[in-house]
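Structure assessment
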Amino acid sequence: MNPSTSTVTAGIDLGGTGTRIIIRGEEGTISTRTVPTVLFSNIEQSQRAGALASHVLELVPPGMTLVSLGIGASGPVDTDAGVITNKDTLECFSFFPLVEALRNHLQVKVSIDNDAVAAVLGEYHFGAGINSKRLLMVTLGTGIGVALLENGRPFRTSNGAHPEAGHIPISGNPAPCYCGLHGCWETLASRSWLQQNLESLLPGIAFEKQDLNFYREMAAQRDEVAALFHRYGNYLGRGLVTLLTLYGPDLTILSGSAAHYYPLFKTGLEQALTRSEAYAVNTLIVPSELGDVAGALGATVIPSLN
Ligand SMILES: [Zn+2]
């Protein structure tokens, strides 16, 4: 057998709600499984890494050898120590040496990074960002996640952390934010803002049960709905223009559940990004190609970065 076809890598997207595991071979995804993260909270901390390792091993087909595991985790991550420090949404995998425990169980290279970094790596290697030299990804979820790759390598702050660009203040926004500042971008441009405002404009209609076609129809019927999406695009653009100005990416990918509505807020977004010719920034923006799978697929690449 050709040795290159018999080795596989594993990736885990560790989120507050779900834990997605992917096994990837030379030709792409071989097997995948998503487990509710709460299942791990219900077992002793000392058993959690072992339980996670068992799920990984069960997905490796007979005759194939696992050579590495990468993890993309929600929230703050100490990538050197291999410890997650997310007391808010991922407490069951936080504050203990998860990476070391997994290494002991699996006897392969194990590395960890933030989930935004994992997702942008997924798009860069397998999705909408292939061939990008400087790739920006903005994830519109409960907050706003931002990750930047320079020739496939993650941009980091001087202390090795992941930049929390959802917390850049934007002008004219007095809202207090849990980070301690006022006026953070994510208080006005996350999916949460869009959801809250649509639900108060359209009482009784649950945001997560609808789709693009539904809101496209509503926007055609009611000017306030069209105006709300336009305003959302504008808020999104007011933070994004700062990132485009500073970093000048050749491509920006929008992901997260609010990105599905890009056709409805595109005009508002473009309006906020348009400048005179001499100051124009590259506004090439595309939606994510991999969607929810980007994090676990990208996580398979993390061990090759260091
Ligand atoms: Zn903030």
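Residues numbered from 1 in each chain as written. Predicted model: local features only at pLDDT ≥ 70, side-chain atom pairs only at ≥ 80, totals over all residues. Heavy atoms only, no water.

Observations concerning the packing of aromatic side chains
- Scanning the model with the defined rule gives twelve aromatic pairs in all.
- Plain terms: the ring middles of phenylalanine 40 and phenylalanine 93 are 5.1 Å apart, the flat faces sit at 55 degrees to each other, and that makes the pair tilted. With phenylalanine 40 in helix α2 (residues 38-41) and phenylalanine 93 in the loop between β6 (83-84) and α4 (98-106), this residue pair connects regions lying 53 residues apart in the sequence.
- For phenylalanine 40, a relative accessible area of 2% puts it in the buried group.
- Of the aromatic side chains, those joined through ring pairs into one cluster are Trp193, Tyr232, Tyr235, Tyr262 and Phe265. (Phe/Tyr/Trp six-rings, centres within 6.5 Å; stacked < 30°, edge-to-face > 60°. Helix = DSSP H or I, 4+ residues; strand = E, 2+ residues; numbered from the N terminus. Buried < 20%, exposed > 50% of the residue type's maximum accessible area, 1.4 Å probe, protein only.)

Some thoughts on the coordination of the zinc ion
- Note on the zinc ion: its protein donors are His167 (ND1), Cys177 (SG), Cys179 (SG) and Cys184 (SG). The metal-donor distances range over 2.0 to 2.3 Å.
- If you look at the zinc ion, its four donor atoms make angles of 103 to 117 degrees with each other, and the shape they trace is tetrahedral.
- For the zinc ion, the single-chain donor residues occur in sequence as H-x9-C-x1-C-x4-C. Taken as a pair, histidine 167 in the loop between β10 (153-154) and α6 (185-189) and cysteine 177 in the loop between β10 and α6 lie far apart in primary sequence, ten residues in all. (Donors = N, O, S within 2.8 Å, 3.2 Å for Na, K, Ca; no water. Tetrahedral: all angles 85-135°; square planar, octahedral: opposite > 155°, others 65-115°.)

Some thoughts on the packing of helix α7 (residues 191-201) against helix α9 (residues 223-247)
- Orientation of α7 relative to α9, taken along the N-to-C sense of each, is 165 degrees, at an axis distance of 11 Å. The orientation of α7 relative to α9 falls into the category roughly antiparallel. For the crossing formed where α7 meets α9, the hand is right-handed. For the pair α7 and α9, contact is made by Arg191, Trp193, Leu194, Asn197, Leu198 and Leu201 and by Glu224, Val225, Leu228, Phe229, Arg231, Tyr232 and Tyr235, respectively.
- A class-by-class count of the residues in the contact of α7 with α9 yields nine nonpolar, one polar and three charged. (Axes fitted to C-alpha atoms, helices over the stretch in contact; angles between N-to-C directions. Parallel < 35°, antiparallel > 145°, perpendicular 65-115°, else oblique. Left-handed = near helix turned anticlockwise from the far one by under 90°. Contact = heavy atoms within 4.5 Å. Nonpolar A, V, L, I, M, F, W, Y, C, P; charged D, E, K, R; others polar.)

Overview of the nonpolar core
- In terms of nonpolar packing, the biggest core is built from 40 residues, with Trp185 and Phe265 touching the most fellow members.
- For this core, the element with the highest residue contribution is α9, accounting for ten residues.
- Counting residues in hydrophobic clusters, the runner-up holds 31 residues, among them Ala10, Ile84, Val108 and Ile112. (Core = buried A, V, L, I, M, F, W, Y, C linked by side-chain atoms within 4.5 Å.)

Quick look at the domain arrangement of the protein
- According to the domain assignment, the protein contains domain 1 (3-120 + 293-305) and domain 2 (132-288).
- Centre-to-centre separation of domain 1 and domain 2, based on C-alpha positions: 28 Å.
- On the domain 2 side, the residues contacting the eight residues of domain 1 number ten residues.
- Summed over the shared surface of domain 1 and domain 2, the number is one salt bridge.
- Between arginine 156 and aspartate 113 there is a salt bridge, with its nearest N and O atoms 2.7 Å apart.
- The tally of links from domain 1 across to domain 2 stands at two residue pairs in polar contact (both at pLDDT 80 or more).
- Those elements giving two or more residues to the side of domain 1 that touches domain 2 turn out to be β7 (109-114) and α5 (115-126). (Domains from an automatic or database assignment. Salt bridge = Lys/Arg side-chain N within 4 Å of Asp/Glu carboxyl O. Polar contact = N/O pair within 3.5 Å; in protein donor to acceptor, adjacent residues only side chain to side chain.)

Structural notes on the pattern of salt bridges
- Overall, the coordinates contain six salt bridges when judged by the stated rule.
- Residues glutamate 270 and lysine 266 are paired through a salt bridge, measuring 3.2 Å at the closest nitrogen-oxygen approach. Of this pair, glutamate 270 and lysine 266 both sit in helix α10 (residues 262-273), four residues apart, which is roughly one turn of that helix.
- For glutamate 270, a relative accessible area of 38% corresponds to the partly exposed category.
- When its relative accessible area of 33% is taken as the criterion, lysine 266 is described as partly exposed.

Looking at α5
- End to end, α5 covers 16 Å across twelve residues, agreeing with the expected 16 Å (1.5 Å per residue, within 8%).
- α5 sits mainly inside the fold: nine of its twelve residues count as buried.
- All of the buried residues along α5 are Ala116, Val117, Ala118, Ala119, Val120, Leu121, Gly122, Glu123 and Tyr124.
- The backbone nitrogen of alanine 116 has a side-chain oxygen 2.7 Å away, supplied by the residue at the start of α5, namely asparagine 114. (Expected span 1.5 Å × (residues − 1).)

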